[in-house]
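# An overview of the molecular structure
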Amino acid sequence: MKFFLSLISSLVILQSGAFAYNFIEIDLVKRKVVLDNFCFGKYNINADVGFDFKQEDGSFIVNLEGKDIELLPKEEDDSSIGKRQIAYLSAKLVKKDNLLFVNYLRSPQLLARGKIDLDKNELLLDVDCSWREDSSLIEGDIEGKLKIWGKIDDFLVNGSLNIKNGKYQDVDFSRLFFHFMGKPPLFNLSDSEIVLLDGSVYRIEGVMNLRDFSNILPKAEFISKKVNLAGWELLSEEKSSVGLKKNVSDNFDILLNTYDKGNESMNPGAEVRYKIEGNQFLRLRMDDDNTAMIGFERRKEF
């Protein structure tokens, strides 16, 4: 995930133009670019990248090929990022008139496509990412997508991260999903959630902050949607109701619930539901006023 977020963070550096380098060498004879501790974002980059270029049908075409690219954190004691190795990196860039097309920018972890309007100083990029992360920040199998658009010095990012079978801040989970939008380094979260190994589900609301990779969710709220307690599911997604449900078998459920007292038609009580067939159920309910109700019910899910 840090590789994915580092990409966005590095674009922030480009916004201000505040990047420097130890040295970069361009050899036109060997058609090679050498980066020696080139400073980009939080990393120093060491790489040999070959290139070739040609003109064709009024376009200027550049191809790049690099192998064994090394990214080293600038701060040796920065535990929020780690050393990165990129097995290969290739790109095809086409300049036609005042448009620069990124036909592809590809590595084992990333694929980016898009264009840059050099007249309007605008960019439009689509990025897909996929890799296994094992770091102090997060562990898991990560798939990510993001769209970047707007002025080069004032762009928006809309993206998602889907992380499976991992760990975040010592919490094991089966799935962690982020959907975010904003301007780096701050992104608003929406439709985001974490599913724990016991099946408990928490909705995540708040802001993702890339200023500190060691705590990217500094003030986010984790709101319970479904919590498992000794085999019972705590259901509390609606503010007006809360309940406990236990699946005794495939056909037999027990439900204890309470509702907003302002809703007279739905009083606190207990229910037993027996699945007859398909979506038909036999339902027995006992309310807190000792009223019992028995009947049939058609439901697709309970």
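Here we summarise the structure given alongside this text. (Residues numbered from 1 in each chain as written. Predicted model: local features only at pLDDT ≥ 70, side-chain atom pairs only at ≥ 80, totals over all residues. Heavy atoms only, no water.)

Here we take up the nonpolar core. Of all hydrophobic cores here, the largest spans 34 residues; its most connected members are Leu 176, Phe 178 and Met 208. Sorting the residues of this core by element identifies strand S7 (110-117), strand S8 (122-134), strand S9 (138-151), strand S10 (154-168), strand S11 (171-183), strand S12 (186-189) and strand S13 (192-196) as the ones contributing at least two each. By size, the runner-up hydrophobic cluster in this structure holds eleven residues, among which are Leu 35, Phe 38, Tyr 43 and Ile 45. (Core = buried A, V, L, I, M, F, W, Y, C linked by side-chain atoms within 4.5 Å. Buried < 20%, exposed > 50% of the residue type's maximum accessible area, 1.4 Å probe, protein only. Helix = DSSP H or I, 4+ residues; strand = E, 2+ residues; numbered from the N terminus.)

Attention shifts here to the pattern of salt bridges. Scanning the model with the defined rule gives ten salt bridges in all. Linking Asp 126 and Lys 147 is a salt bridge whose minimum nitrogen-to-oxygen distance equals 2.6 Å. You can see Asp 126 sitting in strand S8 and its partner Lys 147 sitting in strand S9, a full 21 residues away along the chain. With relative accessibility at 36%, the residue Asp 126 sits in the partly exposed group. Overall, the relative accessible area of 33% leaves Lys 147 in the partly exposed class. The partner of Asp 154 in a salt bridge is Lys 183, with the nearest N and O atoms 2.9 Å apart. Taken together, the residues span a long stretch of sequence, with Asp 154 in strand S10 and Lys 183 in strand S11 at a distance of 29 residues. Exposure remark for Lys 183: the relative accessible area of 41% places this residue in the partly exposed category. What you see here is one network of salt bridges that share partners, running through Arg 132, Asp 134 and Asp 141. (Salt bridge = Lys/Arg side-chain N within 4 Å of Asp/Glu carboxyl O.)

Here the focus is a nonpolar patch on the surface. Together, Ile 24, Ile 26 and Leu 28 make up an exposed nonpolar region whose accessible area comes to about 310 Å². Looking at where Ile 26 falls in the secondary structure, it is placed in strand S1 (residues 21-27). (Patch = residues over 30% accessible without salt bridge, like charges linked within 9 Å, V, L, I, M, F, W, Y side chains within 5 Å. Areas by Shrake-Rupley, 256 points an atom, 1.4 Å probe, with all protein chains shown as cover.)

On the secondary structure map, Ser 107 appears in the loop between strand S6 (99-106) and S7. With sequence-adjacent residues up to four places away left out, Ser 107 is seen in contact with Ile 86, Tyr 88 and Leu 89. (Contact = heavy atoms within 4.5 Å.)

Inspection of the secondary structure puts Phe 213 in the loop between strand S15 (207-209) and strand S16 (221-229). A relative accessible area of 1% places Phe 213 in the buried class.

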